[in-house]
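Chain residues, written in single-letter form:
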Amino acid sequence: DFNSFINRTNTCGELRSAHVGQEVTLYGWVQYRRQDLFLVLRDFQGLTQILIPQDEAHSHVKKLLSNVPVESVVRVTGIVSPRPPGQENPKMPTGDIEVKAETAEILNSCKKLPFEIKDFIKKSEALRMQYRYLDLRSFQLQYNLRLRSQIVMKMRDYLCNLHGFVDVETPTLFKRTPGGAKEFLVPSREAGKFYCLPQSPQQFKQLLMVGGLDRYFQVARCFRDEGSRPDRQPEFTQIDIEMSFVDQAGIQRLIEGLLQYSWPEERGSITTPFPSMTYEEALADYGTDKPDTRFGMKIVDISDFLRRSDIRFVQNALSYPNGTVKAICIPQGVRYLKNKDLESLKESAKSQCNQEIMEIICRPDGSLKSLLTKFLGEKQQAELIQALNLQVDDVVLLAAGEHKQVCFALGSLRLESADLLEAAGLVLRDPRTFHFLWVVDFPLFLPKEENPTELESAHHPFTAPHPSDTSLLYSDPTKVRSQHYDLVLNGSEVGGGSIRIHSAEQQRFVLEKVLKEDSQVLFHLLEALEFGAPPHGGIALGLDRLISLIVDAPSIRDVIAFPKSFRGRDLMGDAPDYVTPEELEPYHIQVSWPLAEIEVKKN
């Protein structure tokens, strides 16, 4: 009941022909006014047309409503009437009626707006962030936030009421976690000692399993001090889950059921179980660990076919242990892409992946146009056409080199090509379709970018090795697969989890011998694992990203009430902000520039 506990009788979105003749009281914002004859009142649920009285008896109401500024908050009491024949508005749910105003009151007048509160009016994102409380009045943001709330409530119902999970709040102030993303530091009153804001409740949820809670969940606030990235926020929300006595298949079934139960009806239904592929398969076919499977253009390995050729750069590439030749086929590329587009794709591969690309075009007569054709006979060209399933006007992008580098380059070009094709009018990725995918069997460790001779966790240091690879952990950790699983939706990672290490001995070995980390930082967890820790595993769903994909929002900022800017700033409240030396003194911190400079910066 939207009208309980307050003085209105109805919302602005619920009046229909059945209400004709009733006296109603509405509260809302003035959407617009026309010729002093009527105005449209808006609230969270919709719009209602208010007829401004023209008779002398209601002259004070006419004067008030004829002069009220747009976006002012008003109360209107009046009689619901049918609209005159021919004046109905079928595009409005309330379009068959209007309310003849009897009394009205301006509860708060609105000054000149920095932008119009209309979804179709383009506004700069900086201005939207600065006046977020005004931006929230738009129907799209209202819809996004309300849908988010409904989905979270259904998730709570599924987990707590149907499957016995316990909702537990974990601490926000904790200590540094080895590996992973950068953490925000919070000073304490103990000199030189700092708290950290948790990247996730990872350690706490494992400790809850040691504590015997069996099934934990939380709508968790998480913090990562990462650089500016369009799909990341310094603070974000996860649906955080942990279970005892579970395996990977159990977690996957739980999440599939959770999403099916909470999925909004207006977005259609989703089919379970979700398909699954290994990390190596995803890399080989799509060039990424988060494939968008809504469209084809898979990477094709043509190494064996070209191994018999006399093409020098191909033979050079294949002479290395992990050498390969692969290609993607852009359907109708000649028709939809310009020469500058193809040059842009090749330049992108060169600058981002240090990978040379060669193009092959299928002419209208079925012959091939490429620098390669002079090295290939007619029979070999026909075999190449068959291997790549080439059609007239298709364009092939070919790369030769080290396996992973070639896959990453072609995977990136696959997505860039899709962008170009869609910009030219070819629909490849329907935002109304939802392709879920499990990616499994990730490597447990990866070489560090800054020092490839050292290893880091591909997921996090608490992930258990694949049961078949446990012995390799002690002999050749680079070959160990993990019990780590990611959930991908339309090419975006929306969840990730793993079965955890529940042996203190194995966890200590991973930290000290493989990752070369100081295990004392995690003494509390290692000790807990020695007191009868059950086998356990879990997952976290990125709520912001999941909702943004469901509503087809261009950014996760469009599904968060008060997001940070691209650079991690709060433009509305101007945060972060400077503090005085006096405020820093209890924390034993001094800023390296003088107060005078701070004052200049503040002003």
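Note that the structure is a prediction, hence the values are computed from the model and not measured. (Residues numbered from 1 in each chain as written. Predicted model: local features only at pLDDT ≥ 70, side-chain atom pairs only at ≥ 80, totals over all residues. Heavy atoms only, no water.)

A. Layout of the packing of helix α4 (residues 139-163) against helix α6 (residues 248-262). In the contact formed by α4 and α6, the axes pass within 8 Å of each other and the chain directions differ by 130 degrees. Considering their axes alone, α4 and α6 lie oblique with respect to each other. When you trace α4 past α6, the crossing you get is right-handed. Contacts between α4 and α6 involve Ile151, Lys154, Met155, Asp157, Tyr158, Leu159 and Leu162 on the former and, on the latter, Leu254, Gly257, Leu258, Leu259, Tyr261 and Ser262. By residue class, the composition of the contact of α4 with α6 is nine nonpolar, two polar and two charged. (Axes fitted to C-alpha atoms, helices over the stretch in contact; angles between N-to-C directions. Helix = DSSP H or I, 4+ residues; strand = E, 2+ residues; numbered from the N terminus. Parallel < 35°, antiparallel > 145°, perpendicular 65-115°, else oblique. Left-handed = near helix turned anticlockwise from the far one by under 90°. Contact = heavy atoms within 4.5 Å. Nonpolar A, V, L, I, M, F, W, Y, C, P; charged D, E, K, R; others polar.)

B. Layout of a nonpolar patch on the surface. On the surface, Tyr133, Phe562 and Met572 cluster together to form a nonpolar patch covering roughly 300 Å² of accessible area. Structurally, tyrosine 133 can be placed in helix α3 (residues 132-135). (Patch = residues over 30% accessible without salt bridge, like charges linked within 9 Å, V, L, I, M, F, W, Y side chains within 5 Å. Areas by Shrake-Rupley, 256 points an atom, 1.4 Å probe, with all protein chains shown as cover. Salt bridge = Lys/Arg side-chain N within 4 Å of Asp/Glu carboxyl O.)

C. Highlighting the nonpolar core. Judged by nonpolar contacts, the single largest core of 40 residues is most densely connected at Ile241, Ile255, Leu259, Phe436 and Leu487. Among the elements of the structure, α4, β10 (235-244), α6, β17 (436-440), β20 (484-489), β21 (492-499), β22 (536-542) and α17 (543-550) are those that each provide at least two residues to this core. With six residues, the top contributor of residues to this core is α4. Setting aside anything within four residues of it in sequence, one finds phenylalanine 436 in contact with Leu259, Trp263, Ile270, Phe274, Pro275, Leu487, Val488 and Leu489. By size, the runner-up hydrophobic cluster in this structure holds 22 residues, among which are Ile311, Val314, Ala327 and Leu384. (Core = buried A, V, L, I, M, F, W, Y, C linked by side-chain atoms within 4.5 Å. Buried < 20%, exposed > 50% of the residue type's maximum accessible area, 1.4 Å probe, protein only.)

D. Focus on the sheet that holds strand β16 (residues 395-402). Spatially, the five strands line up as an open sheet ordered β12-β13-β16-β14-β15, and their pairing is antiparallel. Each edge of the sheet is formed by a strand with only one pairing partner; in this case those strands are β12 (300-301) and β15 (368-369). The pairing of strand β13 (residues 323-330) with β16 spans eight bridges and is antiparallel. Residue glycine 323 lies in a different strand from β16, and its bridge partner there is glutamate 402. (Pairing = 2+ DSSP bridges.)

E. Main features of the pairing of strand β3 (residues 46-51). Of the strand pairs in this sheet, strand β2 (residues 38-43) and β3 are connected by six bridges, and their pairing is antiparallel. By the bridge assignment, aspartate 43 is partnered in β3 with glycine 46. Two successive antiparallel strands, β2 and β3, enclose a turn made up of two residues.

F. Here's a closer look at the environment of aspartate 36. Among the secondary structure elements, aspartate 36 is positioned in the loop between β1 (23-34) and β2. With a relative accessible area of 34%, aspartate 36 lands in the partly exposed category. If we ignore the near neighbours within four places in the chain, the residues touching aspartate 36 are Ile52, Gln54 and Ser66.

G. Seen up close, a negative patch on the surface. Judged by side-chain charge, Glu23, Asp55, Glu56 and Glu102 come together as a negatively charged surface patch. Secondary-structure assignment places glutamate 102 in strand β5 (residues 97-108). (Lys, Arg positive; Asp, Glu negative; His and termini not counted. Charge placed at Lys NZ, Arg CZ, Asp CG, Glu CD.)

H. Layout of the pattern of salt bridges. A full pass over the atoms with the stated rule returns 34 salt bridges. For arginine 137, the salt bridge identified is with glutamate 71, shortest N-O distance 2.8 Å. Linking arginine 137 in the loop between α3 and α4 with glutamate 71 in the loop between α1 (59-67) and β4 (73-82), this pair joins segments that are 66 residues apart in sequence. Look at glutamate 71 and you get buried, because its relative accessible area is 3%. The closest approach of N and O atoms between aspartate 430 and arginine 432, which form a salt bridge, is 3.1 Å. Taking the relative accessible area as the measure of exposure, aspartate 430 reaches 21% and is therefore partly exposed. Classification of arginine 432 as exposed rests on a relative accessible area of 66%. Salt bridges here are not isolated pairs; linked through shared partners, they connect Arg128, Arg132, Asp135 and Asp558.

I. Local environment of the sheet that holds β21. Taken together, eight strands build an open sheet; the order of strands is β6-β9-β10-β22-β21-β20-β17-β11 and the sheet is mixed. Either end of the sheet is taken by a strand with one partner, and the two such strands are β6 (166-167) and β11 (276-278). Two strands pair when backbone bridges link them, and β21 and β22 are joined in this way by five bridges, in the antiparallel orientation. By the bridge assignment, glycine 497 is partnered in β22 with isoleucine 539. Taken strand by strand, helix α5 (residues 202-210) contacts β9 (215-223), β10 and β22, and its axis lies near 25 degrees from that of β10. Packed onto the sheet, helix α7 (residues 279-286) meets β11 and β17 and runs at close to 90 degrees relative to β11.

J. Seen up close, the packing of helix α11 (residues 339-353) against helix α13 (residues 403-423). Two elements in contact, α11 and α13, have axes whose closest approach is 10 Å; the angle formed by their N-to-C orientations is 145 degrees. Seen from above, α11 lies across α13 with right-handed handedness. Judged by residue contacts, Asp341, Leu345, Ser348, Ala349, Gln352 and Cys353 of α11 engage Gln405, Phe408, Ala409, Ser412, Leu413, Glu416, Ser417 and Leu420 from α13. Each residue belonging to the contact of α11 with α13 can be placed in one class, and the counts come to seven nonpolar, five polar and two charged.

K. Summary view of the packing of aromatic side chains. Under the counting rule described, the total for this entry stands at 11 aromatic pairs. Plain terms: the ring middles of phenylalanine 2 and phenylalanine 44 are 5.1 Å apart, the flat faces sit at 65 degrees to each other, and that makes the pair edge-to-face. Here phenylalanine 2 is found in the segment before β1, whereas its partner phenylalanine 44 is found in the loop between β2 and β3, with 42 residues between them in sequence. Ring geometry for phenylalanine 115 versus tyrosine 131: centroids 6.5 Å apart, planes at 75 degrees, classification edge-to-face. Of this pair, phenylalanine 115 sits in the loop between β5 and α2 (125-130) while tyrosine 131 sits in the loop between α2 and α3; the two residues are 16 residues apart in sequence, bridging distant segments of the chain. Look at tyrosine 131 and you get partly exposed, because its relative accessible area is 24%. Ring-pair connections join several aromatic residues into one group, and the members of that group are Trp263, Phe274, Phe434 and Phe436. The side chain of arginine 414 reaches across the aromatic face of phenylalanine 295, ending 3.8 Å from its centre. (Phe/Tyr/Trp six-rings, centres within 6.5 Å; stacked < 30°, edge-to-face > 60°. Lys NZ or Arg CZ within 6 Å of the ring centre and 35° of its normal.)

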